[in-house]
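Chains, contacts and geometry: an overview
Listed here are the chains, written in short residue letters.
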Amino acid sequence: MTDVKELQKKSLRSWCGEGAFICEWFICGFFPAQVRNAEPPPNLFDKKISDNWRKDWLSDWGGVEGIVGGLPKPCAEQGGKSPAEIEWMHVECSEYSPVLSLQSARRASPALDSVLDRTNPGDMQWYALALVECDSDCELEMNFSVWDGSIVHLNGKEVFEEHSWHHVLIDMEKIRLPMKKGVNTLLFKNERDGLVARLSPATGWSADWKAPVALGLEDAKSSPEISGDWQIRRCSLASKPSHSFNGGSESEFLAWKQSFREIYRKIIGKTFDSIPGGKTLTRTLGETKTAWGVRRLVEISGGPFGEKIPAFILVPDDSIRNGKTILLVHGHGMTWRIVAGERPRPPVRAAQIGPDTDNYAELLAMQGFLTATFCLRGFEERGDLKSRTHLCSRYDAEARMLGFSLIGLHIHDIHCMADALCEIPGVNPSKIGISGLSGGATMTCYAAAYDDRFAAAASFCGVFSMLDKIFDGGCGMQNLLGLYEYGDMDDVLAMIAPRPLLIAQGRYDACFNIPRTRSIFEGARRAYSSLGKTAMIEFKVTDLGHQYEPKLAGDFFRKHP
């Protein structure tokens, strides 16, 4: 083994108020997994089968049980030839995220980049080794997740195995580790890309807990020195929004809300609301009678250039109708027709577990709510732009040239829908809520913050920091360009105060995560606290994936307003 004294002690990293994440890793690979194709395509957590899952590729280093006490010696020192193309390369998680991503690490390593170019990302196995030093024998708890599961060895002893179809899900797994004084080896055998792990005392956090340290190399680089993209990323880490809410009194909040909303609307740009176009009109194209009521296909008009918005309005029977109305905004993964229950979702549900709830406008109508959903720009009937680039980002670029934004145009359509709902007999304009999933959840937040017309809002799996989008990408439906100069998503949510707001996040969602969502929620809750209205903002974790939870939404909207 290489002398561990040559390695540097590095603190475990905190992120989004959670600690302590392991960010120093040594990787070895890559080996053929020989994954068996799943037919039909797998759903979330379906068992994955790889012929080489239990194969020990580390025999030249003494096998997985022989990696104890430090770094394995290079293959040449063992007198053998390893099939690995990368032999125990040191990589470090990026400055921003505690997730070890090969796709991110390759940017700082030409050698890794070259190997990954020759590797099939869907059929590869690799190892990740962490060296964790403790000052005494102790028991730690490890929360972790590896893409498609892992076989984990602690000091040469297998302590965990899981192998199913899923992405990296922060805090997905939890096990206890008997750590010894000195250097401990945590070895993960993995497939595909990515893992995350954090340690905590098994007996709970305390002020006198002395955290272990990770061992790594001093000259590790988590980002390239020559880059255009990473220069912007480093700039973002050094930046701080200039107008985030940091007051504590009602008067401070009200003054901030007025000034920040002006900034917010300027960032969004113009909307068609300000261009004369006549009264919103609704034309019914057809109706379908259902067991719970009527699904009505309509066209909403009211824009300045004669455009029409395809929509469904779902009216429950009088026997179950509860007098409340919810506008539902769809996201990328499901269309307005699926949300309305007019068309079933395709059978592949790789982001979901449990019953299918994609028809959430219909499921809420079954609970007595009058609901509506519509086709967003860039999707299905309104996806008339043919482009190889992401349609949302392309639409946003076009709109920005004219002083608009895609988000602003979506808000215009949402306002047209709200106006149309107000024309329906029995709809109380003061009791219209708005809700959505994924991109629709983000648009729910943007629209509810724009003005006070919606009585309550519920977001499912759609809350993030603008920093997330700088590092991980995104689209014009969610990326509000220029916002982070002045504020972040917690400030957007704060503008909804004091109206009721539900932020829900799926425990097994691979698109958004609990720590980040909770941190944004906590920021928004400070605004509600300044008004004495903390009961009006809720954070809920569901035992679902990237999914809408109709029962939770129904319970929320029955209470509010």
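These remarks concern the structure in this document. The structure presented is a predicted model; accordingly, all values stated were derived computationally and were not measured.

1. A closer look at unusual backbone geometry
At the junction of Gly 29 and Phe 30, the peptide bond is cis and its omega measures out at 10° in the coordinates. Within the element layout of this structure, Phe 30 appears in strand S4 (residues 24-32).

2. Observations concerning the nonpolar core
The biggest cluster of nonpolar side chains holds 105 residues, and the ones touching the most others in it are Tyr 264, Ile 414, Tyr 446, Phe 460 and Leu 480. If you tally residues by element for this core, the top one is helix H9 (residues 406-422), at nine residues. Within the second largest apolar cluster, 46 residues are counted, among which are Met 142, Ile 170, Ile 175 and Val 196.

3. Observations regarding the packing of helix H5 (residues 250-268) against helix H10 (residues 439-450)
Taken N-terminus to C-terminus, the directions of H5 and H10 make an angle of 125°; their axes are 10 Å apart at the nearest point. In terms of orientation, H5 lies oblique with respect to H10. Here the hand of the crossing between H5 and H10 comes out left-handed. For the pair H5 and H10, the contacting residues are Arg 261, Tyr 264, Arg 265 and Ile 268 in the first and Tyr 446, Ala 448, Ala 449 and Tyr 450 in the second. Taken together, the residues of the contact of H5 with H10 sort by class into six nonpolar, no polar and two charged.

4. A word on the environment of Ala 38
Secondary-structure assignment places Ala 38 in the loop between S4 and helix H1 (75-78). Separated by 10 residues in sequence, Ala 38 and Lys 48 have C-alpha atoms that sit 7.9 Å apart.

5. Digging into the environment of Phe 272
Positionally, Phe 272 belongs in the loop between H5 and strand S14 (281-289). Expressed as a C-alpha distance, the spacing of Phe 272 and Tyr 450, which sit 178 residues apart in the sequence, is 14 Å. For Phe 272, the residues in contact, after removing those within four places along its chain, are Pro 304, Phe 305, Glu 307, Arg 377, Phe 404, Leu 409 and His 412.

6. A look at the packing of aromatic side chains
Within this structure, the stated rule accounts for 20 aromatic pairs. Measuring from centroid to centroid gives 4.2 Å for Phe 460 and Tyr 548, while their planes differ by 40°, and the two rings are tilted. In this pair, Phe 460 is assigned in strand S20 (residues 456-460) and Tyr 548 in the loop between strand S22 (537-542) and helix H14 (550-559), connecting sequence segments 88 residues apart. Per residue, the accessibility class of Phe 460 equals that of Tyr 548, and both read buried. Ring centres 5.1 Å apart and planes at 75° place the aromatic pair Phe 556 and Phe 557 in the edge-to-face group. What makes Phe 557 buried here is its relative accessible area of 2%. When the ring centre of Tyr 450 is taken as reference, the NZ or CZ atom of Arg 265 above it lies at 4.6 Å. In this structure, Lys 469 packs its charged tip against the face of Phe 464, placed 4.6 Å from the ring centre.

7. Brief notes about helix H3 (residues 110-117)
Helical geometry note: an α-helix holds 3.6 residues per turn, so side chains three or four residues apart project in the same direction. When we look at burial in H3, the residues that qualify are Leu 112, Val 115 and Leu 116. Burial along H3 is one-sided: seen end-on, the buried residues are contained in an arc of 95°. Away from the buried face of H3 by more than 90 degrees, exposed residues Pro 110 and Asp 117 are located. In this structure, the buried residues of H3 make contact with S4, strand S5 (86-92), helix H2 (102-105) and strand S6 (124-134).

8. With respect to the side chain of Ser 405
Looking at the element boundaries, Ser 405 is found in the loop between helix H8 (391-401) and H9. Residue class for Ser 405 comes out buried when judged on its relative accessible area of 0%. In this structure the side chain of Ser 405 is engaged in a polar contact, spanning 2.6 Å, whose partner is the backbone oxygen of Ile 268. A distance of 2.9 Å separates the side chain of Ser 405 from the backbone nitrogen of Gly 408, its partner in a polar contact. Residues within four places of Ser 405 in sequence aside, it is in contact with Ile 268, Lys 270, Asp 396, Ala 399 and Arg 400.

Rules behind the numbers
Residues numbered from 1 in each chain as written. Predicted model: local features only at pLDDT ≥ 70, side-chain atom pairs only at ≥ 80, totals over all residues. Heavy atoms only, no water. Helix = DSSP H or I, 4+ residues; strand = E, 2+ residues; numbered from the N terminus. Core = buried A, V, L, I, M, F, W, Y, C linked by side-chain atoms within 4.5 Å. Buried < 20%, exposed > 50% of the residue type's maximum accessible area, 1.4 Å probe, protein only. Axes fitted to C-alpha atoms, helices over the stretch in contact; angles between N-to-C directions. Parallel < 35°, antiparallel > 145°, perpendicular 65-115°, else oblique. Left-handed = near helix turned anticlockwise from the far one by under 90°. Contact = heavy atoms within 4.5 Å. Nonpolar A, V, L, I, M, F, W, Y, C, P; charged D, E, K, R; others polar. Phe/Tyr/Trp six-rings, centres within 6.5 Å; stacked < 30°, edge-to-face > 60°. Lys NZ or Arg CZ within 6 Å of the ring centre and 35° of its normal. Arc of directions from axis to C-beta. Polar contact = N/O pair within 3.5 Å; in protein donor to acceptor, adjacent residues only side chain to side chain.

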